[in-house]
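# Architecture at a glance
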Amino acid sequence: MSSPLAAVPKPSRPDWLASPEVFRTEVLAGLVVALALIPEAISFSIIAGVDPAIGLFASFTMAVVISVVGGRKAMISAATGAIALVIAPLNREYGLGHLIATVILGGLMQIVLGALGVARLLRFVPRSVMVGFVNALALLVFLSQVPEMRDVPWPVYPLVLAGLLMMVFLPRLTTVVPAPLVSVAVLTVLTVGAGLAVPTVGDKGELPSSLPVPGLPDVPFTLDTLTTIAPYAFAFALVGLMESLMTAKLVDDITDTRSDKTRESIGQGVANIVTGFFGGMGGCAVIGQTMINVKVSGARTRLSTFLAGVFLIVLVVVFGPVVSDIPMAALVAVMIMVSVATFDWHSVRPKTLQRMPLGETTVMVATVTVVVATHNLAVGVIAGSITAMIVFARRVAHRAEVTGVVGPDGKQVVYAVTGELFFASSNDLVHRFDYQDDPDDVVIDLSDARIWDASSVAALDAVETKYAQRGKKVTLIGLDQPSAEMHGRLAGQLTGH
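Right, let's walk through the structure included here. In this text, all values refer to a predicted model and were calculated from it rather than measured experimentally.

## Considering the environment of Ser 447
Mapped onto the elements of the fold, Ser 447 is located in strand 5 (residues 441–451). By relative accessible area, Ser 447 is classed as partly exposed at 45%. Spatially, the C-alpha atoms of Ser 447 and Ile 477 are 7.2 Å apart, while their sequence positions differ by 30 residues. When neighbours within four sequence positions are excluded, Ser 447 is seen to be in contact with Ile 477 and Gly 478. Separated by 2.6 Å, the side chains of Ser 447 and Asp 445 make a polar contact.

## A word on a nonpolar patch on the surface
A surface patch of nonpolar side chains, amounting to about 350 Å² of accessible area, comprises Leu 161, Leu 165, Val 168 and Phe 169. Following the sequence through the fold, Leu 165 ends up in helix 6 (residues 156–173). Residue classification places Leu 165 among the partly exposed residues on the basis of a relative accessible area of 44%.

## Topic: the pattern of salt bridges
Proximity of charged atoms lets side chains of opposite charge pair with each other. Taken as a whole and assessed by the stated rule, the structure comprises five salt bridges. Salt-bridge contacts for Asp 15 lead to Lys 73; the nearest nitrogen and oxygen are separated by 2.9 Å. Of the two residues, Asp 15 is situated in the segment before helix 1 (20–48) and Lys 73 in the loop between helix 2 (52–69) and strand 1 (77–78); the sequence distance between them amounts to 58 residues. Its relative accessible area of 32% is what places Asp 15 among the partly exposed residues. Asp 252 serves as the salt-bridge partner of Lys 261, at 2.4 Å between the closest nitrogen and oxygen. By relative accessible area, Lys 261 is classed as buried at 16%. When its relative accessible area of 8% is taken as the criterion, Asp 252 is described as buried. Within the structure, one salt-bridge network assembled from shared partners comprises Arg 72, Asp 252 and Lys 261.

## Description of the pairing of strand 5
Alignment of strand 4 (residues 412–421) against strand 5, held across nine bridges, turns out to be parallel. Within strand 5, the residue paired with Thr 418 across the bridge is Asp 448. As judged from the five bridges shared by strand 5 and strand 6 (residues 473–477), these two strands associate in the parallel manner. Within the sheet, the bridge partner assigned to Val 443 lies in strand 6 and is Thr 475. What joins strand 5 to strand 6 is helix 18 (residues 454–468), and the crossover it makes is right-handed.

Each value, and the rule that gives it
Residues numbered from 1 in each chain as written. Predicted model: local features only at pLDDT ≥ 70, side-chain atom pairs only at ≥ 80, totals over all residues. Heavy atoms only, no water. Helix = DSSP H or I, 4+ residues; strand = E, 2+ residues; numbered from the N terminus. Buried < 20%, exposed > 50% of the residue type's maximum accessible area, 1.4 Å probe, protein only. Contact = heavy atoms within 4.5 Å. Polar contact = N/O pair within 3.5 Å; in protein donor to acceptor, adjacent residues only side chain to side chain. Patch = residues over 30% accessible without salt bridge, like charges linked within 9 Å, V, L, I, M, F, W, Y side chains within 5 Å. Areas by Shrake-Rupley, 256 points an atom, 1.4 Å probe, with all protein chains shown as cover. Salt bridge = Lys/Arg side-chain N within 4 Å of Asp/Glu carboxyl O. Pairing = 2+ DSSP bridges. Right-handed = clockwise from strand over helix to strand, strands pointing away.

Remember that the coordinates give geometry; whether it matters functionally is a separate question.
Below is the structure:
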């Protein structure tokens, strides 16, 4: 007789312990991401109008919490520019207390939206919008580095070039240590050893010297406070979820794996609530550092995300003086490499553009243009999706055809309607019939058509009314079950007379 213990499955090992190589990759990837997060978090703090520590604490708590509760392995969440832009006006007008309260309320809203299935809306984002999202992301990452190369001492430029060359050629020799980490280390030693006067991480702002402590936001807990922060919190929740879900989908494609978008949505909310109680400015998936983690460093597990947050807080609190000496040129080179690696070069090749339908290219260009103009990926995705809907509606609208055939005895006419009938295609339907000269018996065959909305039912009602005014009878045939149900429910009910 077998032991009862034999039926108990052994706990599976974490995927980051699959092999020493995987573990090393995850650890080193987390370190590279942490180094890249520091100047970004400080910059986003400046955009939001808060102390650099607020952005750094947010990046720490977001990364650590989302590594546990998130639905997409290896994705990095931290303070972001999009979130900073949303909360900056609130901070300017009402102060840090209201900002922290907004982060907590926004996190609660993200949990609710995630539970309601907001992640399912991602299926309505077309591929052309996704390509535009990726290309716009690459452009934004590059453009965000341009200010770091303006009005700077001349040694910055050869340092950036040296960093890029190391990241291009080092992987051909060895991949044991990530090339970005080697580049940052070498350039830091070089600038400190040579005493080069170039911008450093320390020039971005003072690094915190202690860990964050939890607490409640310093605001009056009143209805007035709630009505003040609610609109900002809702915008915060939507922007954060959109950027996170789009980034998760991008990582899915890169790693050829699926992730739980509902869990990711709820996880983002949990991470923001924790971040708010620890005095952080909130955040979402940070795309540039995610690309460093997944595409440049090759990370695939939650360990890299967790360690990115841990290394970040250790670096700024314990090794602050050393981190402050890292030249910005080294991190600029890393981000430029990320930009080049992220951009979908195939999408802009002449052969691809020649084969691609004009509407698809238009959608991609619209997405990129809006994102670059607004510096907001969420707005660009919405604009691109709306453009795609318009392009699709125009394309499908022209597929609705009406062909009439009069019977041999001239007493009956049969109209064959083909195509998809909806608001865009049904507007012309009324004008496709010969009301005056048709015989008294009119048959409209809808076997090859489908009714999608009330506009189509209203158009068919109008056709029947026009024939009835001339004493002619209309018979509809060939409706499939969904179309018949919609027509039966709405026919004759859409006008008040």
